[in-house]
Amino acid sequence: MYALDKLIPRLEQHYGAPEPPPARGPFELILWENACYLLSDERRKEVFDSLRRLVGLNAASIANASEEVLLPLATRGGMRPETRVFRWREIARITLGQFDGNLDAVLSRPLSQGRRALKLFPNIGDPGADKILLFCGIASTLPLESNGLRVLARIGYGRQQKDYGKTYRSVQADLSPDLPASPVVLQKSFLLLRAHGQTLCKETAPRCHECPVAKHCDYASKRAASFLAPVR
Ligand code: SF4
């Protein structure tokens, strides 16, 4: 297994320095999460930038925007655009109603309270809340989406199981002694693991023969051993 402090620099060497999301602060990061469904980062950025340009990335502007403006933008974000518009309005409504229009205030709360506040918003669970806090510079853990989780489980952290939640918890438990304290390094780790899972370490047919960390990967060595096993 490759320890995280070796794995991340090797992935950075391969993929280059990752681009952080263009969203700043918790309100924009929640909108970023809700901009698209099952589409590329490029499309997510297009929808997000259009929201910024045509509506404004603040709760009052989104609450006051007309359906005629929001629906075409949400349509660029993929399936079920009406649901997306509803969620954008919910994000604005909760921010105005419960946080006086200023979600930055959650960043000065104790971690557990900040996390709980972020989970009031659509599509934000524990990993999503940790990710938002991390990209606001508050490091508590390394949040993982499905790609990063798969990479770490294959490398040898935790144990891959049928149950996603069990896999997530076992990888996190195994990872915790290796976690860096720096939010910048954790942000970079999140982005590089995700990029690796999307590019080479795909769910089906991972391209281990092209992978820069194959020599240190449990999954690749088990796969090679099964190829070499004598046929009886
Ligand atoms: S060697 Fe294969 S399974 Fe291991 S990290 Fe690379 S692509 Fe993923």
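Keep in mind that what you see is a predicted model, and the values were worked out from it rather than measured.

**Quick notes on unusual backbone geometry**
Next, step 1: At Leu38, a position not held by glycine, the phi torsion is positive, near 55°.
Next, step 2: Considering the arrangement of structural elements, one finds Leu38 in the loop between α2 (25-33) and α3 (41-54).
Next, step 3: Look at Leu38 and you get exposed, because 8 C-beta atoms sit within 10 Å.
Next, step 4: Look at Arg80: it is not a glycine, yet its phi comes out positive at around 55°.
Next, step 5: Looking at the element boundaries, Arg80 is found in the loop between α5 (67-76) and α6 (81-99).
Next, step 6: When the 13 C-beta atoms within 10 Å are taken as the criterion, Arg80 is described as partly exposed.

**Here's the deal with the site of the ligand**
Next, step 1: Taken together, 14 residues are adjacent to the ligand, and Cys201, Cys208, Cys211, Cys217 and Ala220 come closest.
Next, step 2: Only α9 (146-155) and α12 (218-228) provide two or more residues apiece to the shell around the ligand.
Next, step 3: The leading source of residues in the shell around the ligand is α9, at 3 residues.
Next, step 4: Looking at the shell around the ligand residue by residue, the classes come out as 12 nonpolar, no polar and 2 charged.

**Some thoughts on the nonpolar core**
Next, step 1: If you look at the biggest cluster of nonpolar residues, it comprises 56 residues, and the most contacted ones within it are Ile30, Leu31, Ile132 and Leu152.
Next, step 2: With 6 residues, the single largest contributor to this core is helix α11 (residues 183-199).
Next, step 3: Residue contributions to this core reach at least three from each of two domains, namely domain 1 (4-17 + 143-221) and domain 2 (25-135).
Next, step 4: If sequence neighbours within four positions are ignored, Leu152 has contacts with Leu144, Tyr157, Val171, Leu175 and Leu193.

**Section: α2**
Next, step 1: Most of α2 sits out of view: 8 of its 9 residues are buried.
Next, step 2: For α2, the complete set of buried residues consists of Pro26, Phe27, Glu28, Leu29, Ile30, Leu31, Trp32 and Glu33.
Next, step 3: The secondary structure elements touched by the buried residues of α2 are α3, α4 (59-64), α6, α7 (111-118) and α8 (126-135).

**Looking at the domain arrangement of the chain**
Next, step 1: Looking at the assigned domains, one finds that the chain contains domain 1 (4-17 + 143-221) and domain 2 (25-135).
Next, step 2: Computed over C-alpha atoms, the centres of domain 1 and domain 2 are 27 Å apart.
Next, step 3: Across the boundary between the two partners, domain 1 contributes 7 residues, which contact 5 residues of domain 2.
Next, step 4: Classifying every residue of the side of domain 1 that touches domain 2 gives 5 nonpolar, 1 polar and 1 charged.

Thresholds, definitions, all that
- Residues numbered from 1 in each chain as written.
- Predicted model: local features only at pLDDT ≥ 70, side-chain atom pairs only at ≥ 80, totals over all residues.
- Helix = DSSP H or I, 4+ residues; strand = E, 2+ residues; numbered from the N terminus.
- Buried ≥ 20, exposed ≤ 12 C-beta atoms within 10 Å, placed from the backbone.
- Near = placed C-beta within 6 Å.
- Nonpolar A, V, L, I, M, F, W, Y, C, P; charged D, E, K, R; others polar.
- Core = buried A, V, L, I, M, F, W, Y, C linked by C-beta atoms within 7 Å.
- Domains from an automatic or database assignment.
- Contact = placed C-beta atoms within 7 Å.

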